[in-house]
Amino acid sequence: MFDIALYEPEIAPNTGNIIRLCANCGASLHLIEPLGFDLEEKKVRRAGLDYRDLMNVTRHQNYPAFLEYLENRGKPYRLFACTTKTTGHHVDPHYAQGDVLLFGPETRGLPINIIEGLPLEQRIRIPMMAEARSLNLSNAVAIIAYEAWRQMDFDGAQ
């Protein structure tokens, strides 16, 4: 399956929704600290989570620790920066097992050094109207995650 990573997420309900999304599509979720909230916060739980949903959530102390984790897990991966600061669309790549979809914090997105540290073909965006700024984080994750899963023929779904 693929992985979803949230870089320094700030809003508890968004993360709660994304945890539930990952539980439903079989993706593993990585939370890269610092978090803008306590994971035990009521707002996270309000997303209807139970402990089973939290089983595929891994916390990482910082971005370098996250990259070290990916390198040491022993399987190939590609890291995709999901950002408004690129031209390639989320439907352009051919997603594969082991791919990681990386999203930035709600108020500022991914840092430019992370975006520019990846090849252009691994920087993706969701098309929007010209005057639009961005989508809600949990909506953006859902759109891209389900496209990746669709390309994998909804592996594991009933």
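For the structure itself, look to the data block above.
Definitions and cut-offs
- Residues numbered from 1 in each chain as written.
- Predicted model: local features only at pLDDT ≥ 70, side-chain atom pairs only at ≥ 80, totals over all residues.
- Heavy atoms only, no water.
- Phe/Tyr/Trp six-rings, centres within 6.5 Å; stacked < 30°, edge-to-face > 60°.
- Helix = DSSP H or I, 4+ residues; strand = E, 2+ residues; numbered from the N terminus.
- Buried < 20%, exposed > 50% of the residue type's maximum accessible area, 1.4 Å probe, protein only.
- Salt bridge = Lys/Arg side-chain N within 4 Å of Asp/Glu carboxyl O.

Draft legend 1. Geometry of the packing of aromatic side chains. Inspection of the entire model under this criterion finds 5 aromatic pairs. Ring plane angle 80° and centroid distance 6.0 Å describe the contact between Tyr 7 and Tyr 63, whose orientation is recorded as edge-to-face. Note that Tyr 7 is positioned in strand E1 (residues 3–7) and Tyr 63 in helix H3 (residues 63–72), a separation of 56 residues in sequence. A single burial state applies to Tyr 7 and to Tyr 63, both of which are buried.

Draft legend 2. Focus on the pattern of salt bridges. Going through the model one piece at a time under the given rule, you end up with 6 salt bridges. As a salt-bridge pair, Glu 8 and Arg 108 come within 2.5 Å of each other at their nearest N and O atoms. Residue Glu 8 is located in the loop between E1 and helix H1 (12–25), and its partner Arg 108 is located in the loop between strand E5 (100–103) and helix H4 (112–116); the two are separated by 100 residues in the primary sequence. Take Glu 8: its relative accessible area is 16%, and that puts it in the buried class. For Arg 150, the salt bridge identified is with Glu 147, shortest N-O distance 2.8 Å. A residue pair is termed a helical-turn pair when its members lie 3 or 4 positions apart in one helix, as Arg 150 and Glu 147 do in helix H5 (residues 137–151) at 3 residues. Of the residues examined, Arg 150 reaches a relative accessible area of 44% and is grouped as partly exposed. Connected through salt bridges with shared partners, the residues Glu 8, Glu 10 and Arg 108 form a single ionic network.

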